[in-house]
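A structural walkthrough
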Amino acid sequence: MEQFDIAIIGAGPAGTYAAYEAAKKGLSTVVFEEHEKIGEPVHCGECLSALSCKRLELELPQEVISMKVKGIRLIFPGKRGVFLEEPGYVLEKHKFEQHLASLGQEKEAVYKLKHRVSGMKKDNGGWQISTTQGEYFAKIAIDASGVAGAASKFLSLNPEPKKVIGLQFEMSPIESDGFIKFFLWPKLAPHGYLWIIPKNNERANVGLVTNDAPSTRKYLEQFIDEYGLQEKKKTKAFGGFIPASGPVKNTFSDGIMLIGDAAGFTSPMFEGGTSLAMASGKFAAQVATEAIAKADTSKAVLSRYELLWKAEFPVYSKLIEAKNALYNFTDAELDKIASFIPQNLTNMTPFGKAKVGAKVILNAPSLLLKGFVPAMNALSYSRAEFYGW
Ligand SMILES: Cc1cc2nc3c(=O)[nH]c(=O)nc-3n(C[C@H](O)[C@H](O)[C@H](O)COP(=O)(O)OP(=O)(O)OC[C@H]3O[C@@H](n4cnc5c(N)ncnc54)[C@H](O)[C@@H]3O)c2cc1C
């Protein structure tokens with residue numbers, strides 16, 4: 001049986017980044033991926049903030065970037081737009097993940113493609129991992145299997161998380177002003193939002209996330225009509241599920257750590273998870289290295305992983321409170337809010353926020369009772385600083 005220090009389940013951004021970090025630290029590392037090609041099929045809007053890369057000192061080669069963007073434009077139901085300048089990228093996500101994998105491979109991480117992990121059991125102080133193409137041994141397992149949550153199921157570590165569905169079409173030709181557009185239109189995306197994410201060659205991902213799963217496609221088609229995109233070509237449809245109940249209870253146990261979507265690490269604001277996936281992969285690789293150096297992969301040693309991510313990631317309950325407040329407003333109320341806030345939200349000072357608050361008190365005090373303050377926090381929490389994207 002082939003033996004490794006670390007076995008990683010899944011070659012998304014979490015798994016590929018963790019593999020890179022682990023291999024860089026000299027651990028023998030294997031990644032099992034059920035698909036034939038890393039990064040395919042894409043199931044993501046493909047946005048990543050520049051800050052996320054800077055935090056990890058990750059330089060992106062030109063070919064993984066579809067478009068450099070200036071920030072996010074938030075469009076309210078009456079079509080008033082406000083914007084946040086915050087540089088970032090729209091990726092060619094499959095190429096991005098392939099790039100992360102190649103960084104690990106340069107450090108001798110091994111990729112086993114078309115290897116679906118079907119079970120794991122404790123063996124000789126480590127794990128015997130069963131895949132569709134054979135058995136492997138590893139001292140530590142890292143579950144990076146995304147929303148599938150493979151290890152949580154195999155080991156009954158955590159219950160199934162709540163999920164929301166995201167669906168998008170790649171469409172063209174779509175003009176771009178260099179901003180990602182997010183639409184807060186509850187009528188067409190209840191408890192969610194719609195997006196137009198520009199890519200090169202006049203392509204764009206046009207999609208939505210909502211908790212009203214059965215109506216997802218109908219809403220998207222309606223949005224395309226209402227926004228006047230019905231004549232544009234749909235080049236592909238793609239999407240998937242996003243964990244939506246926050247970090248799982250057990251992100252580590254004896255000999256195992258959970259990272260990325262498998263750990264429930266998505267930002268509830270606009271459902272971004274790539275940044276959190278990579279950062280959690282880095283923490284897990286760091287803790288795995290320490291555990292292997294001590295020859296102690298017990299739960300007690302791996303508990304440091306939880307300390308690291310809790311110290312870095314924003315507190316989920318605060319984000320959820322803010323998101324629920326924002327999504328609780330009707331289309332008409334959101335338009336009222338839009339009329340009170342400045343167009344450029346980039347450098348809102350406490351004084352600027354107080355001015356907005358005063359306008360609301362004078363003109364629409366009922367909005368305060370309905371959660372205007374936490375809803376405004378939601379706009380802050382969508383920023384890269386809070387792992388919003
Ligand atoms: C429609 C949509 C739009 C999104 N837009 C954005 C966005 O713009 N920006 C952003 O930051 N985030 C976005 N997200 C979220 C983002 O895609 C995820 O948070 C991110 O991909 C999580 O990375 P991960 O590595 O944890 O999981 P994944 O990317 O899901 O990777 C998991 C990998 O594990 C493999 N796998 C699963 N089970 C097994 C098994 N048993 N054996 C072997 N391999 C297995 C899968 O094939 C997959 O390759 C979006 C999600 C959706 C659905």
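These numbers come from a predicted model, not from an experiment. (Residues numbered from 1 in each chain as written. Predicted model: local features only at pLDDT ≥ 70, side-chain atom pairs only at ≥ 80, totals over all residues.)

**Quick look at the overall build of the chain**
- In terms of regular secondary structure, the chain is built from twelve helices and 16 strands.
- Taking 2.2 N^0.38 as the reference for a compact globule, 389 residues should give roughly 21 Å; the C-alpha atoms of the chain span a radius of gyration of 21 Å, in line with that estimate.
- In terms of principal-axis extent, the alpha carbons of the chain reach across some 70 × 45 × 35 Å.
- For the chain, restricting intrachain contacts to residue pairs at least 6 apart in sequence, the fraction spanning at least 24 positions comes to 71%. (Helix = DSSP H or I, 4+ residues; strand = E, 2+ residues; numbered from the N terminus. Rg over C-alpha atoms; globule rule 2.2 N^0.38 Å. Contact = placed C-beta atoms within 7 Å.)

**Topic: the site of the ligand**
- Near the ligand you find 41 residues, and of these G10, G12, G146, G260 and G273 are the closest.
- Those elements that provide at least two residues to the shell around the ligand are helix 1 (13-24), strand 2 (29-33), strand 3 (47-49), strand 10 (163-172), strand 14 (233-243) and helix 6 (274-294).
- Per-class residue counts for the shell around the ligand are 16 nonpolar, 19 polar and six charged. (Near = placed C-beta within 6 Å. Nonpolar A, V, L, I, M, F, W, Y, C, P; charged D, E, K, R; others polar.)

**Here we look at the packing of helix 1 against helix 3 (residues 93-106)**
- Relative orientation of the contacting elements helix 1 and helix 3 amounts to 20°, with a least axis distance of 8 Å. Between helix 1 and helix 3, the angle is such that the two are roughly parallel. At the point where helix 1 passes helix 3, the crossing takes the left-handed sense. In contact with P13, T16, Y17, A19, Y20 and A23 of helix 1, helix 3 contributes E97, L100, A101, L103 and G104.
- A class-by-class count of the residues in the contact of helix 1 with helix 3 yields eight nonpolar, two polar and one charged. (Axes fitted to C-alpha atoms, helices over the stretch in contact; angles between N-to-C directions. Parallel < 35°, antiparallel > 145°, perpendicular 65-115°, else oblique. Left-handed = near helix turned anticlockwise from the far one by under 90°.)

**Here's the deal with the domain arrangement of the chain**
- Domain assignment breaks the chain into domain 1 (2-42 + 93-160 + 249-313) and domain 2 (317-386).
- On a C-alpha basis, the centres of domain 1 and domain 2 stand 37 Å from each other.
- With four residues of domain 1 in contact, the opposing surface of domain 2 contributes six residues.
- The residue inventory of the side of domain 1 that touches domain 2, partitioned by class, reads three nonpolar, one polar and no charged. (Domains from an automatic or database assignment.)

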